[in-house]
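So the chains spell out like this:
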Amino acid sequence: MPKTSARLLALLSLLQTRRDWSGAVLADRLDVSLRTVRRDVDRLRELGYPIDAVKGPDGGYRLGAGTDLPPLLFDDEQAVALTVALQIAASTPDSGLAEAAGRALTTLRQVMPSRLRHRVEALDVTAVERPAARPAEPVGGDVLLAVSAAVRAREILRFDYGDGGTRRAEPHHVATRGGRWYLVAWDLDRAGWRTFRVDRMSLRTPNGPRFTGRTVPGGDVAAYLIGVFRGATDVSGSWPCQGTVILDLPASTVAQYTRDGVVEEVSPSRCRLTLGSWSWPSLAAAFARYDADVEVVGPAELTEAFVRLARRFDRIAAGESGPLAL
């Protein structure tokens, strides 16, 4: 029979792997009697682990939720996953959780076995966020928890939003992008879907009544948000402006610098490139950044945007100023 301390850890590890365990199966796994299993469960309860009894022919046990967070056991893969997640959170200061994530990462490393600590210390992850036009205000964990709780309970949120007064919304999803936190919700006052910056929300309590959930446009939250950030005008989430050109560059070269586009080989030295953007001038500028001769395939709006940019740049090169007459 294993020592009591080792047996308790083995029992706790088993209880964490699935919801319910019968006493007979636990006794068989640990190679002990049912009476020993009962005694070990009582010891774990004394240590603060909320283990509930499950009714049944043989009786059983379930690791429940308590008032405090007891020590937990993680296998090697779980420990590595936690380390990566905490490193990313700790290196994202605008999220508002960086300090807490850093403390959690230190705690995790301190209790790791040496064989695993040496492996994860070699793992140094840095999250490089997209620079925002204006730094976001940090969002406290309590605010995120309150908003997420309303999402889960399907309770109407009331909050002051920036300078726009009090809003009422049915919260549906919390998302993060570029170091900022967003709430996807149905705006009751404007009868439409909106994406709110959580750092601009001042929650009012208590929450409003429960609501019946709606489906976000298109049915896919991630796709919907991509469309929102792109400025899409329909549920497809596609860019409002899309165009195609032929570049005097090999497809293999262009593909290295194209993340969100379609590259097709025309010849060993030329390729067809399709991109999207939020406006025609910005799309023309996106093609121009490849620093190669461009042949516009279409549409006509893209050609017009190139003409407009060319006039603007000619005036800049000539040292002229003032609005451009088109």
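Heads up: the structure comes first, above all this text.
Treat the numbers as computed from the prediction; the structure is a model and nothing was measured. (Residues numbered from 1 in each chain as written. Predicted model: local features only at pLDDT ≥ 70, side-chain atom pairs only at ≥ 80, totals over all residues. Heavy atoms only, no water.)

> It is not clear to me how the environment of alanine 284 should be interpreted in this structure. Could you clarify?
Within the fold, alanine 284 resides in helix H10 (residues 280–288). Look at alanine 284 and you get buried, because its relative accessible area is 0%. Expressed as a C-alpha distance, the spacing of alanine 284 and valine 307, which sit 23 residues apart in the sequence, is 9.5 Å. (Helix = DSSP H or I, 4+ residues; strand = E, 2+ residues; numbered from the N terminus. Buried < 20%, exposed > 50% of the residue type's maximum accessible area, 1.4 Å probe, protein only.)

> Can you walk me through the sheet that holds strand S8 (residues 201–204) in this structure?
Across a sheet, paired strands are connected by hydrogen bonds in the backbone, their directions being either parallel or antiparallel. Spatial ordering of the open sheet is given by S7-S6-S5-S4-S8, a layout of 5 strands whose pairing is antiparallel. The sheet is open, and its two edges are formed by strand S7 (192–197) and S8, each paired on a single side. The mean angle between the axes of side-by-side strands here comes to 45 degrees, regardless of whether they run parallel or antiparallel. Across the sheet, helix H8 (residues 221–230) lies against strand S5 (166–177), strand S6 (180–187) and S7, angled at about 75 degrees from S7, the strand it touches most. (Pairing = 2+ DSSP bridges. Axes fitted to C-alpha atoms, helices over the stretch in contact; angles between N-to-C directions. Contact = heavy atoms within 4.5 Å.)

> Hey, could you run me through the packing of aromatic side chains in this one?
The way to describe two aromatic rings as a pair is by their centre distance and the angle between their planes. One pass over the structure, following the stated rule, counts 5 aromatic pairs. Judged by centre distance (6.2 Å) and plane angle (80 degrees), the ring pair of phenylalanine 159 and tyrosine 161 falls under edge-to-face. When sorted by exposure, phenylalanine 159 lands in the same class as tyrosine 161, which is buried. Here tryptophan 186 and tryptophan 193 contribute two aromatic rings whose centre-to-centre distance is 5.7 Å and whose plane-to-plane angle is 85 degrees, an arrangement assigned as edge-to-face. The same class applies to tryptophan 186 as to tryptophan 193, namely buried. (Phe/Tyr/Trp six-rings, centres within 6.5 Å; stacked < 30°, edge-to-face > 60°.)

> Looking at this model, I keep getting lost on the sheet that holds strand S2 (residues 51–54). Mind explaining?
Read across the open sheet, the 3 strands follow the order S1-S3-S2; overall the sheet is antiparallel. Each having just a single partner strand, strand S1 (21–22) and S2 make up the two edges of the open sheet. Sheet topology note: the S2/strand S3 (residues 60–63) ladder contains 4 bridges and is antiparallel. What sits directly across from alanine 53, in S3, is tyrosine 61. Its contacts with the sheet put helix H3 (residues 34–46) on S2 and S3, and the angle it makes with S2 is roughly 145 degrees.

> Help me understand unusual backbone geometry, please; the structure alone is not making it clear to me.
Keep in mind that most residues, glycine aside, have a negative phi and that most peptide bonds are trans. The omega torsion across threonine 205 and proline 206 is -5 degrees, close enough to zero to call that bond cis. Along the polypeptide, proline 206 turns up in the loop between S8 and H8. That bond from glycine 298 to proline 299 is cis: its omega, 5 degrees, falls within 30 degrees of zero. Within the element layout of this structure, proline 299 appears in the loop between strand S12 (294–298) and helix H11 (300–317).

> Even after reading the chapter, I still don't get helix H2 (residues 23–30), so can you show me in this structure?
The α-helix winds at 3.6 residues per turn, so residues separated by three or four positions along the chain end up facing the same way. Every buried residue belonging to H2 is among Gly23, Leu26, Ala27 and Leu30, and all of these are buried. For H2, the angular spread of the buried residues around the axis is 100 degrees, confining them to a single face. Seen from the buried face of H2, the exposed residues on the opposite side, beyond 90 degrees, are Asp28 and Arg29. Taken from the residues just after H2, aspartate 31 is the one with a positive phi, measuring 60 degrees. (Arc of directions from axis to C-beta.)

> What is the right way to look at the packing of H10 against H11 in this model?
When two helices pack together, their arrangement is given by the angle between the helix axes and by the axis-to-axis distance. Two numbers describe how H10 lies on H11: the axes approach to 8 Å, and their chain directions differ by 80 degrees. Put simply, H10 runs roughly perpendicular to H11. In contact with Trp280, Pro281, Leu283, Ala284, Ala285 and Phe287 of H10, H11 contributes Glu301, Leu302, Ala305, Phe306 and Leu309. Here the contact of H10 with H11 is built from residues that sort into 10 nonpolar, no polar and 1 charged. (Parallel < 35°, antiparallel > 145°, perpendicular 65-115°, else oblique. Nonpolar A, V, L, I, M, F, W, Y, C, P; charged D, E, K, R; others polar.)

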